[in-house]
Amino acid sequence: MVYMGAVLETYEKLFGHMLKELPTSSLQTAETRELHSSTSGVTPAAGKEVNDVEKGLNYLLKKVEELKKKYTDEITFLKKLQGIRHIKMDNKVIQSKALWELAWLYEEASTLINMQKRRRRHARRMKFERPPQYSIFP
């Protein structure tokens, strides 16, 4: 889930960058006017193509933003995780706190893995077991 939020955020940045790279509509219309006036009878297709690309990118960007709203919790979690990268490894206070919290963290991580294994075993067992047969006669 966190991965999907990060991927959607990357697509959002990519489409935004692509929209900025497109020639502006005012420049495009000026260029097409020059092209149209210099070559009579030729239609300005390049301006239409850029406009179509811009509309397409805006549509995709809107859809990615709508989908990204569903992953807001994961994205905020991801941003908090990115703060871990900036921990000062040579700070003695941080090193001391890390050693102090390691036992608790190790215990939490171990129980989490065990709980996940138990859930998988339970789900697998429930998949192969038949539902109980109820009878009115003993």
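Quick caveat, the model's predicted, so the values are computed rather than measured.

A. Region of interest: the pattern of salt bridges. Under the counting rule described, the total for this entry stands at 3 salt bridges. Among the salt bridges present, the one from Lys13 reaches Glu9, with a minimum N-O distance of 3.8 Å. Taken together, the residues Lys13 and Glu9, both in helix α1 (residues 2–21) and 4 residues apart, mark about one turn of the helix. With relative accessibility at 59%, the residue Lys13 sits in the exposed group. For Glu66, the salt bridge identified is with Lys63, shortest N-O distance 3.7 Å.

B. Geometry of the side chain of Glu12. Tracing the backbone shows Glu12 in helix α1. A polar atom in the side chain of Glu12 sits 2.4 Å from the side chain of Lys68. Those residues within four positions of Glu12 in sequence are excluded, and the remaining contacts are Leu61, Val64, Glu65 and Lys68.

C. Local environment of a nonpolar patch on the surface. Together, Phe77, Leu81, Ile84, Ile87 and Met89 make up a nonpolar patch on the protein surface, roughly 480 Å² of accessible area in all. Classification of Leu81 as partly exposed rests on a relative accessible area of 34%.

Thresholds, definitions, all that
Residues numbered from 1 in each chain as written. Predicted model: local features only at pLDDT ≥ 70, side-chain atom pairs only at ≥ 80, totals over all residues. Heavy atoms only, no water. Salt bridge = Lys/Arg side-chain N within 4 Å of Asp/Glu carboxyl O. Helix = DSSP H or I, 4+ residues; strand = E, 2+ residues; numbered from the N terminus. Buried < 20%, exposed > 50% of the residue type's maximum accessible area, 1.4 Å probe, protein only. Polar contact = N/O pair within 3.5 Å; in protein donor to acceptor, adjacent residues only side chain to side chain. Contact = heavy atoms within 4.5 Å. Patch = residues over 30% accessible without salt bridge, like charges linked within 9 Å, V, L, I, M, F, W, Y side chains within 5 Å. Areas by Shrake-Rupley, 256 points an atom, 1.4 Å probe, with all protein chains shown as cover.

Any functional reading would require information that these geometric values do not contain.
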